[in-house]
Amino acid sequence: MTRRAAIAAPNPSATQAGLHALGAGGNAVDGAIAAMITATATEPGIISPLAGAFINIWPAEGDPVVIDGNVEMPGRGADPARFGSGLIECVTTYGGGLTTYAGPGSVATPGMFAGMGLAHERFGAAPWGELLGVAATITGDGFQLSHTAASYFELVAHTIFAWDPTTRGIYTHDATAWAPGHLIRDDALVATLRQIGEEGAASVYTGDIAARIVADMDERGGLLTARDLAEYRPVVRTPLRTTLGAWDLAANPPPAIGGAVLTAMLRLLGDVKERVSPAHAARVMKDVLDLRLHRVDVADDLEVAGHELLETIASLGAVGLPTSQDTAHVSVVDSDGNACAITASSGYGSGMSVGGTGMLGNNALGEPELNRRGLHALAPGTRLASNMAPTTGRHRDGTVLSIGTPGADRITTALLQVLVHFCLHGETLQYAVDAPRLHVRHLDDGGVRIDFEESAELEEALTGLVGRSSGAVVPLHAHERRAMYFGGVGAALRTPEGELTAVADPRRDSATVVG
């Protein structure tokens, strides 16, 4: 008997792939893997196959588990002269302006396929080849450029995606952005997906595909080596658990930063007896993000620092804390009660089409926010910081939740607000996702401001908010309603009676299906 499932994913192609996996005998894990792999192929610029990922699985029978397939610092055995090189500075206006670095030197060791391979081995039910095969078929038919991807290319087509001739030829119109709906097809990527389906995830790390990746990196001055790929291992981790109202929530643990920050915020707000106001939520965001910026992001050991963040919050409580683009998400819950949440990131994109495989490289080494200690400063083999926070949950009545979002450092604040609305205030899941959001942003000059979506209620609640350490009024910056900047939450839900629901975020092109 085929399981049913609720699926929230970046586009209809991804939800179609998820349903195919269910039809092939799969469960929530298979559906999520098929949907995410398809998304990495059909949402160029937003995500790519050579990404890092966290896979949060809460089986119907058993405890939740997180499989860490995040990116690593490469460079094992590399010429020391390569460190600090191979980077192309790119300035964009995204999110009010940011500088990132593309090029071969920005590509970290990818972990997504390794993580998915382990998740499938431990929890999957459909054949691996089916999951990759449907992604290849959908990609091979050609796909229309989504509004989300097209809006990102408007900002970076002339920089990140212009320097590599192959990338520029497929994904741009002579270094200008294609319009939404433009049909894209890359036969090299289709062949690579089929090869990974036939040979297994190991092909990316020790097989023919790995050899092609390494040869290209050697030729163009990247840090990624054969040893980096061969020695990469996904890690099974025990998730962080938080009680919020009647919900038990599980998030990815350190060394990922996102799950620890989200957990810290939830634990502070979970103690509040009255309704959480926007101003209260903003104060908690600022306190936790201050602590993260000055203690966690610059730490030698992110795993230790992440746990210390939680211990500090537990000891200090909600008062008096010291002040000191690109991702994709898939949520699936199946009719058996299995939940799977996958968030994957390739940073803002390296712009590099790697080794004739059709796969675009990540730029995790070129993201300043993930490399607070400096670009190329980490030791090879070190897991990079991550804002990703895929989350699963169970209500005491048996309701099952899978939820997550893209959005860089807005991931944790977006999820915090949705979970407060849904789990604590008891509002509907769709209302919780649609409600206007805010985000406390640290500025390059050391100050902070509150970004918020245009809303008279939010503006009134936040006006005059005073920083605890400075005593000064925190400046506000209004964005248009439902701005892509504030993430793109996707959630799936199963009630105790077996009713399935999937919810998508109007801030980005996204899709849901129940089938």
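Quick summary incoming for the structure in this document. Since the model is a prediction, treat every value here as computed from it, not as a measurement.

## Looking at the sheet that holds strand β20 (residues 490-494)
Okay, step 1: What the six strands build is an open sheet, ordered β9-β10-β15-β16-β20-β21; its pairing is antiparallel. A single partner strand is all that each edge strand has here, and the edge strands are β9 (240-244) and β21 (500-503). When the angles between neighbouring strand axes are averaged without regard to direction, this sheet yields 15 degrees.
Okay, step 2: Here five bridges tie β9 to strand β10 (residues 247-251), and the two strands are oriented antiparallel to one another. Opposite Thr 243, over in β10, you have Asp 248 as the bridge partner.
Okay, step 3: Sheet contacts for helix α10 (residues 257-270): β9, β10 and β15 (391-395); angle to β9, the most-contacted strand, approximately 25 degrees.

## Examining the environment of Lys 286
Okay, step 1: Checked against the element boundaries, Lys 286 lands in helix α11 (residues 278-296).
Okay, step 2: Separated by 66 residues in the primary sequence, Lys 286 and Arg 220 place their C-alpha atoms 41 Å from one another.

## Things to note about the pattern of salt bridges
Okay, step 1: Taken as a whole and assessed by the stated rule, the structure comprises 20 salt bridges.
Okay, step 2: In this structure, Glu 231 and Arg 76 form a salt bridge, with 3.1 Å as the shortest nitrogen-oxygen distance. A residue pair is termed long-range when its members are at least 10 positions apart, and Glu 231 in helix α9 (residues 226-231) and Arg 76 in the loop between β3 (65-69) and β4 (88-92) qualify at 155 residues.
Okay, step 3: Taking the relative accessible area as the measure of exposure, Glu 231 reaches 36% and is therefore partly exposed.
Okay, step 4: Classification of Arg 76 by relative accessible area gives buried; the value is 13%.
Okay, step 5: A salt bridge links Asp 218 to Arg 82; its shortest N-O distance comes to 3.6 Å. You can see Asp 218 sitting in helix α8 (residues 208-220) and its partner Arg 82 sitting in the loop between β3 and β4, a full 136 residues away along the chain.
Okay, step 6: Overlapping salt bridges bring together Asp 68, Glu 72, Arg 76, Arg 227, Asp 228, Glu 231, Arg 237 and Arg 383 as one network.

## Topic: the nonpolar core
Okay, step 1: In this structure, Ile 33, Met 36, Phe 113, Met 116, Ile 213 and Ile 342 are the most contacted members of the largest nonpolar core, which totals 65 residues.
Okay, step 2: Looking at this core element by element, the count peaks at 10 residues for helix α2 (residues 28-42).
Okay, step 3: Of all hydrophobic cores here, the second largest spans 51 residues; its members include Trp 247, Leu 401, Ile 450 and Ala 491.

## Side note on the sheet that holds strand β8 (residues 235-237)
Okay, step 1: Strands sit in the order β8-β3-β2-β12-β11-β1-β22 across an open sheet of seven strands; the sheet is antiparallel. In the strand order of this sheet, the two ends are held by β8 and β22 (511-514), each with one partner. Within this sheet the neighbouring strands show an average axis-to-axis angle of 10 degrees, counted without direction.
Okay, step 2: For strand β2 (residues 52-58) and β3, the ladder comprises five bridges, and the chain directions are antiparallel. Within β3, the residue paired with Ile 55 across the bridge is Ile 67.
Okay, step 3: Across the sheet, α2 is in contact with β1 (5-9), β2, β11 (327-334) and β12 (339-345); its angle to β11 comes to roughly 155 degrees.

What counts as what
Residues numbered from 1 in each chain as written. Predicted model: local features only at pLDDT ≥ 70, side-chain atom pairs only at ≥ 80, totals over all residues. Heavy atoms only, no water. Pairing = 2+ DSSP bridges. Helix = DSSP H or I, 4+ residues; strand = E, 2+ residues; numbered from the N terminus. Axes fitted to C-alpha atoms, helices over the stretch in contact; angles between N-to-C directions. Contact = heavy atoms within 4.5 Å. Salt bridge = Lys/Arg side-chain N within 4 Å of Asp/Glu carboxyl O. Buried < 20%, exposed > 50% of the residue type's maximum accessible area, 1.4 Å probe, protein only. Core = buried A, V, L, I, M, F, W, Y, C linked by side-chain atoms within 4.5 Å.

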